[in-house]
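Structure at a glance
Below, each chain spelled out in residue letters.
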Amino acid sequence: MNAHYELPLEDAGYSFGFLDEYAKKEVRRCILKAISIPGYQTPYASREMPMGRGFGTGGLQLTLSLIGADDTLKVIDQGSDDSVNAVNLRQFVQLTCPGVEVTEKTQKATLIQSRHRIPEKMLTEQQILVLQVPYPDALVVVEPSEARRKVMHGEADYSRLLVKLYEDVVRFDEITISHRYPTRLNGHYVIDPSPIPRWDVPRLHQSPALVLLGAGREKKIYAVPPYTVAEPLVFDDIAFRVEDFRDANGKRIACRCCGSTVSFLDELIDDAGNVTHQCSDSSYCEEQQETISARKQA
Amino acid sequence: MSNKILSVRGLSRIHGVQCPLCISSTGPEHDTNMCPHCGSVVAAHDVNFDLYRGEILGIIGESGSGKSSTVKTLYFDEAPTAGSATFYDGGMQHDMFALNAAQQRSMRNKRFGMVYQNPHLGLNFQISAGGNIAERLLMSDLKHYGEIRTRAGDLLVRTEVARARMDQNPKTFSGGMQQRVQIAKALATQPPLLFLDEVTTGLDLSVQAAILDLILEIQHELGTAMIVVTHDLGVIRLLAGRTLVMKHGRVIESGLTDQILEDPQHAYTQRLVASAL
Ligand SMILES: Nc1ncnc2c1ncn2[C@@H]1O[C@H](COP(=O)(O)OP(=O)(O)O)[C@@H](O)[C@H]1O
Ligand SMILES: [Mg+2]
Ligand SMILES: [Zn+2]
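For clarity, every value in this text was computed on a predicted model and none was experimentally measured. (Residues numbered from 1 in each chain as written. Chains lettered and ligands numbered in written order. Predicted model: local features only at pLDDT ≥ 70, side-chain atom pairs only at ≥ 80, totals over all residues. Heavy atoms only, no water.)

What about the overall build of chain B?
- Secondary structure summary: chain B contains ten helices and ten strands in total.
- Over its C-alpha atoms chain B spans a radius of gyration of 19 Å, differing by no more than 12% from the 19 Å that the globule rule assigns to 277 residues.
- Expressed as lengths along the three principal axes of its C-alpha atoms, the size of chain B is roughly 55 × 45 × 40 Å.
- Relative to its full complement of 277 residues, chain B shows a buried share of 55%.
- By sequence separation, contacts in chain B at least 24 residues apart represent 69% of the contacts at least 6 residues apart.
- Split by element, the accessible area of chain B, about 11,700 Å² in all, is 50% carbon and sulfur. (Helix = DSSP H or I, 4+ residues; strand = E, 2+ residues; numbered from the N terminus. Rg over C-alpha atoms; globule rule 2.2 N^0.38 Å. Buried < 20%, exposed > 50% of the residue type's maximum accessible area, 1.4 Å probe, protein only. Contact = heavy atoms within 4.5 Å. Areas by Shrake-Rupley, 256 points an atom, 1.4 Å probe, with all protein chains shown as cover.)

Next comes the structure, spelled out in structure tokens:
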């Protein structure tokens, strides 16, 4: 999006939140349905947005339907508030939602729209997390027909997904899924939790915050309501494992900026080929750094 | 009778629009299964039989006589046009066609097994032989990887497929081996009832004989009741205690296999037996 672009507010009379009130109401009704049936992919009339599908239009429609003038919004992309995609979406909301505050601090936000990450900081009951979803259906890898997938979801028939995990273990001695790990809600529906890393999956379990997932292109909304049982699909004797950030000596790698040894790390390779690691969640990393420098000064 | 496992009454499967004359203008005496008035195909009509625990029932008839249609409805591959089937299991009676889709799926996955002539119908060729068996175990809620491996390996060994081939794709197997994997998969949940549809058709004679032996051994060991569909009198003679003879969608003769072979009543059966001698 062009940063200098301005909506012709006076001419067209765009309403608060860009979407008209009917569109927002429809999305909110779908949200309520999605919350009532955790993990069920609720179809909705995904609108055309002034940006390409695949740039978070599903998440954006959720955000615009939920946001009020007294909300504080945080937008992140792969953990970062500063990536082009996050900046664009944030500017769009600022432009179309007068009065809404924006923040980079996780704990200050009432609404967080994110792509590919859940913030490191534990979310609260007062917050809503909106995740952008490219592929909403976890069964798509084993069943091409949507009609048949619907029946499988209805009957909670996930044996073919488990066969895929079985084949994975046979071939690689472990489950190799790194992102979009199929996750079962309240013992029934299995969701694609969007391309978050495995690291983030346990944070869906019993999350105090409402998590909403929106797929614009596929026109689906689904939800992990607060305090829902969210379990990654596994075998009884093979535990689910998150990413393991250890060096060759088995020592937990620390973030090169804040020194954290408990966060999800991005691997960076400089021109000389040196590998370093840094927190993927930039807001978390900065706060850690601030805490350290404050301690040093004291 | 407490020993009964399956009771089929008035089972019909008709393809097409159907008209009031479909039934009265098809069948052996009209020498066709296609209704001349509306073009519907009466694939099977008014099939009745009982099956007892551990028994092997044969269904024989020429191609197109309705044998597969009959077992497909019982395995829930296709819905019947009319009729009922009662499955006796664990002291309960199940009105099979009155069950909802999820109940039917569960019965099919846990209590029945099917072996098709075409291994592509019974096996997923995208995954390993062991994965195919694992799928059935996972469908019946076994979620322990180690136990799934052990059970799948044991089943393959029992059906005479080397354990070492467990992680290979059945695409690379011979026809006879593919049928063995299908049988292993069908047996995975130790079902009391197995459907076998032309499982040896198209295989070399020696391979056929070995698979038929395996089927008999399984029946003796596990007491599995089976419905064996074939157009081969030799298969019926070897396996089935009782037999239904089908022609143009109707059962024209039924009874003990020995009696049918020695003293066939229907002219068609007489010709069938004579030609096989
Ligand atoms: N889907 C279908 N539509 C129309 N006719 C069918 C269909 N399936 C089977 N039939 C017909 O039903 C009859 C019985 O088929 P089938 O039960 O497969 O015979 P068999 O197994 O004895 O060879 C055949 O005439 C076949 O062509
Ligand atoms: Mg057939
Ligand atoms: Zn007719």
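Side note on the confidence of the model for chain B
- For chain B, the average pLDDT comes to 95, and 99% of its residues sit at 70 or higher.
- Predicted as a complex, the structure gets a pTM of 0.87 and an ipTM equal to 0.87. (pLDDT = per-residue confidence, 0-100.)

A look at the domain arrangement of chain A
All names here are of chain A.
- Under the domain assignment, chain A is made up of domain 1 (21-232) and domain 2 (244-298).
- Using C-alpha coordinates to define each centre, domain 1 is positioned 27 Å away from domain 2.
- Contacts between the two partners involve 15 residues from domain 1 and, on the opposite side, 13 residues from domain 2.
- Taken together, the two surfaces of domain 1 and domain 2 that pack against each other cover about 1,000 Å², and 42% of this comes from carbon and sulfur.
- At the boundary of domain 1 with domain 2, the tally comes to one salt bridge.
- Here the side of domain 1 that touches domain 2 is composed, by residue class, of three nonpolar, five polar and seven charged. (Domains from an automatic or database assignment. Buried area = accessible area lost by both parts, 1.4 Å probe. Salt bridge = Lys/Arg side-chain N within 4 Å of Asp/Glu carboxyl O. Nonpolar A, V, L, I, M, F, W, Y, C, P; charged D, E, K, R; others polar.)

With respect to the interface of chain B and chain A
- Taken together, the contact pairs 19 residues of chain B with 14 residues of chain A.
- Taken together, both faces of the contact between chain B and chain A bury some 1,500 Å²; the carbon and sulfur share is 63%.
- The interface formed by chain B and chain A contains two salt bridges.
- Ionic pairing is found between Asp157(A) and Arg105(B), a salt bridge with its closest N-O pair at 3.3 Å.
- Joining chain B to chain A, the criterion identifies eight residue pairs in polar contact (both at pLDDT 80 or more).
- Going through the elements one at a time, helix 2 (101-110), helix 4 (129-139) and helix 5 (145-158) of chain B are the ones with two or more residues in the side of chain B that touches chain A.
- Among the elements that make up the side of chain B that touches chain A, the one with the highest residue count is helix 4 of chain B (six residues).
- Class assignment of the residues belonging to the side of chain B that touches chain A gives a composition of nine nonpolar, five polar and five charged. (Polar contact = N/O pair within 3.5 Å; in protein donor to acceptor, adjacent residues only side chain to side chain.)

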